[in-house]
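What follows is each chain in one-letter form.
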Amino acid sequence: MSTEGQVITCKAAVAWEPNKPLVIEDVQVAPPQAGEVRIKILFTALCHTDAYTWSGKDPEGLFPCILGHEAAGIVESVGEGVTEVQPGDHVIPCYQAECRECKFCKSGKTNLCGKVRGATGAGVMMNDRKSRFSINGKPIYHFMGTSTFSQYTVVHDVSVAKIDPQAPLDKVCLLGCGVPTGLGAVWNTAKVEPGSIVAVFGLGTVGLAVAEGAKAAGASRVIGIDIDPKKFDRAKNFGVTEFVNPKDHDKPIQQVLVDLTDGGVDYSFECIGNVSVMRAALECCHKGWGTSVIVGVAASGQEISTRPFQLVTGRVWKGTAFGGFKSRSQVPWLVDKYMKKEIKVDEYVTHNMTLGEINEAFRYMHGGDCLRCVLKMQD
Ligand SMILES: NC(=O)c1ccc[n+]([C@@H]2O[C@H](COP(=O)([O-])OP(=O)(O)OC[C@H]3O[C@@H](n4cnc5c(N)ncnc54)[C@H](O)[C@@H]3O)[C@@H](O)[C@H]2O)c1
Ligand SMILES: N[C@@H](CCC(=O)N[C@@H](CSCO)C(=O)NCC(=O)O)C(=O)O
Ligand SMILES: [Zn+2]
Ligand SMILES: [Zn+2]
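What comes next is a walk through the structure. Being a predicted model, the structure only gives us computed values, none of them experimental. (Residues numbered from 1 in each chain as written. Chains lettered and ligands numbered in written order. Predicted model: local features only at pLDDT ≥ 70, side-chain atom pairs only at ≥ 80, totals over all residues. Heavy atoms only, no water.)

Overview of the pairing of strand 14 (residues 291–294)
Link 1 in the chain: Here strand 14 shows no split at all, with T291 and V293 on one side and S292 and I294 on the other all buried.
Link 2 in the chain: The sheet contact formed by strand 13 (residues 267–270) and strand 14 spans four bridges and is parallel. Residue pairing across strands places Y267 opposite T291, the latter belonging to strand 14.
Link 3 in the chain: A crossover links strand 13 with its parallel partner strand 14, the connecting element being helix 9 (residues 275–283), and its sense is right-handed.
Link 4 in the chain: Where strand 14 meets strand 15 (residues 316–319), four bridges bridge the pair, whose relative direction is parallel. Each residue of the ladder has a partner; that of V293, found in strand 15, is K318. (Buried < 20%, exposed > 50% of the residue type's maximum accessible area, 1.4 Å probe, protein only. Helix = DSSP H or I, 4+ residues; strand = E, 2+ residues; numbered from the N terminus. Pairing = 2+ DSSP bridges. Right-handed = clockwise from strand over helix to strand, strands pointing away.)

Focus: the site of ligand 2
Link 1 in the chain: Residues in contact with ligand 2 amount to 14 residues; listed here are only the nearest, T49, Y52, D58, E60 and R117.
Link 2 in the chain: With respect to ligand 2, the side chain of Y52 contributes an N or O atom lying 2.6 Å from an oxygen atom.
Link 3 in the chain: Within the side chain of Y95, an N or O atom sits 3.4 Å from an oxygen atom of ligand 2.
Link 4 in the chain: Protein chains shield 74% of the accessible area of ligand 2, which is 530 Å² for the free molecule.
Link 5 in the chain: For the shell around ligand 2, the residue count by class is eight nonpolar, three polar and three charged. (Near = heavy atom within 4 Å. Polar contact = N/O pair within 3.5 Å; in protein donor to acceptor, adjacent residues only side chain to side chain. Areas by Shrake-Rupley, 256 points an atom, 1.4 Å probe, with all protein chains shown as cover. Nonpolar A, V, L, I, M, F, W, Y, C, P; charged D, E, K, R; others polar.)

Details of the coordination of the zinc ion (ligand 3)
Link 1 in the chain: Looking at the zinc ion (ligand 3), the protein donor atoms are C47 (SG), H69 (NE2) and C177 (SG), and they sit 2.0 to 2.3 Å from it.
Link 2 in the chain: Each of the four donor atoms bound to the zinc ion (ligand 3) contributes to angles spanning 97 to 130 degrees, and the resulting shape is tetrahedral.
Link 3 in the chain: Taken in chain order, the donor set of the zinc ion (ligand 3) reads C-x21-H-x107-C. Of this pair, H69 sits in the loop between helix 1 (48–54) and strand 4 (70–78) while C177 sits in the loop between helix 4 (169–172) and helix 5 (178–190), placing them 108 residues apart in sequence.
Link 4 in the chain: Assessed through its relative accessible area of 0%, H69 is described here as buried. (Donors = N, O, S within 2.8 Å, 3.2 Å for Na, K, Ca; no water. Tetrahedral: all angles 85-135°; square planar, octahedral: opposite > 155°, others 65-115°.)

Here's the deal with the coordination of the zinc ion (ligand 4)
Link 1 in the chain: Binding of the zinc ion (ligand 4) to the protein goes through C99 (SG), C102 (SG), C105 (SG) and C113 (SG), at separations of 2.3 to 2.4 Å.
Link 2 in the chain: Geometry at the zinc ion (ligand 4) is tetrahedral, judged from its four donor atoms and the angles of 106 to 116 degrees they form at the metal.

A look at the site of ligand 1
Link 1 in the chain: Every one of the 26 residues lining ligand 1 counts as a neighbour, but T49, D226, V295, T320 and F322 are closest to it.
Link 2 in the chain: Note that an oxygen atom of ligand 1 is positioned 3.3 Å from one of the side-chain N or O atoms of K231.
Link 3 in the chain: Protein contacts shield 86% of the accessible area of ligand 1, which totals 870 Å² for the unbound molecule.
Link 4 in the chain: Tallied by class, residues from the shell around ligand 1 come to 13 nonpolar, nine polar and four charged.
Link 5 in the chain: Residues lining the shell around ligand 1 come from more than one domain, with at least three contributed by each of domain 1 (8–176 + 345–376) and domain 2 (179–320). (Domains from an automatic or database assignment.)

Description of the environment of T153
Link 1 in the chain: By the secondary structure assignment, T153 is in strand 8 (residues 152–156).
Link 2 in the chain: Residues T153 and G73 lie 80 residues apart in sequence; the distance between their C-alpha atoms is 9.8 Å.
Link 3 in the chain: Residue contacts for T153: discarding those within four places in its chain leaves V37, R38, I39, I41, F133, T146 and S147. (Contact = heavy atoms within 4.5 Å.)

In structure tokens, the structure reads:
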């Protein structure tokens, strides 16, 4: 029986308050309005940014909300005026939209899109500035324009990437955030050249994807830095050639790296979200040209600092969102690259669980062994 035009009641993990366990609730999901798409979510992974907002440290965090932004599913129905997807299409919801019409999209200089960002930051849909989620009439906020910890979600049409229907959704859900972020930080933001020396701070999913991207770009050395020595063995499979544990050294880590590389690295990437490490990542760069890319998300109130002399003498400080990839155009391309075995995805999935086990899944995520935990969303 078609559910088009009907309110759907389904299971979702609701964050009622910061840091309190998520609660599996029966949630009402309203039909999509003009320019909106309702998606049946089949698989979602957890990302550290979900935990960050859940912690209450995200200035854009609103409660109660439905978190989740790294997922894949099938279009259930579309609202008026939606032309690029239809029911049955396999899709990845994208927290970074791409409308192709706004000042940002037309600039050719960024993957950021301005069309729906105001609404997604306020936890509502652009059309009527209201939520499509409710529990017995009480609205529940959206999150990052995706809210994938729900069996059904409603997103803006500019936030939907249509993908190859042959692609396994329990794997390519990862292409909604962490893996593209790392690859794109190297390929789009830094534009690493063959022969470069690269330093990667933090060897979680994002840092490993940076290493993979750097290897593919022809880097001559990929130095992985992590305080957890368990990370090193696995990282070799992703392209890391040398390891440095800051705990093994008395000198500041930037000095250790400068000494190891005859004056500093060509490119560094901070994939942790720690502002002191961001400084070290900049300061381990080579004088005259070294570029450091901030990928990690630091909490509200945190600030970066360095001596301006570091920049005067030619180092460059940059940041990246979703690795600079244009979501609707390039996520399908990434899926195709995965299908052709040109990029890894399966290797990042260390745990598989169900929606009902989501609190336990977050505990695993914070443990050192987990890269990505994928939740099966449907019974
Ligand atoms: N910019 C973006 O678009 C974007 C997208 C996705 C994720 N992120 C952010 O990227 C960051 C990394 O995500 P992840 O999933 O890989 O996280 P993760 O927690 O799996 O990995 C972080 C790694 O850093 C290591 N670490 C912690 N403190 C350290 C220190 N002081 N020195 C060296 N290593 C240290 C940890 O041991 C861990 O291996 C998070 O902040 C996440 O929110 C940003
Ligand atoms: N609301 C947060 C923003 C955190 C942030 O920087 N998010 C990244 C994506 S992290 C994905 O795991 C991002 O792409 N930001 C660009 C954007 O949000 O438009 C805060 O204010 O700290
Ligand atoms: Zn993420
Ligand atoms: Zn746009």
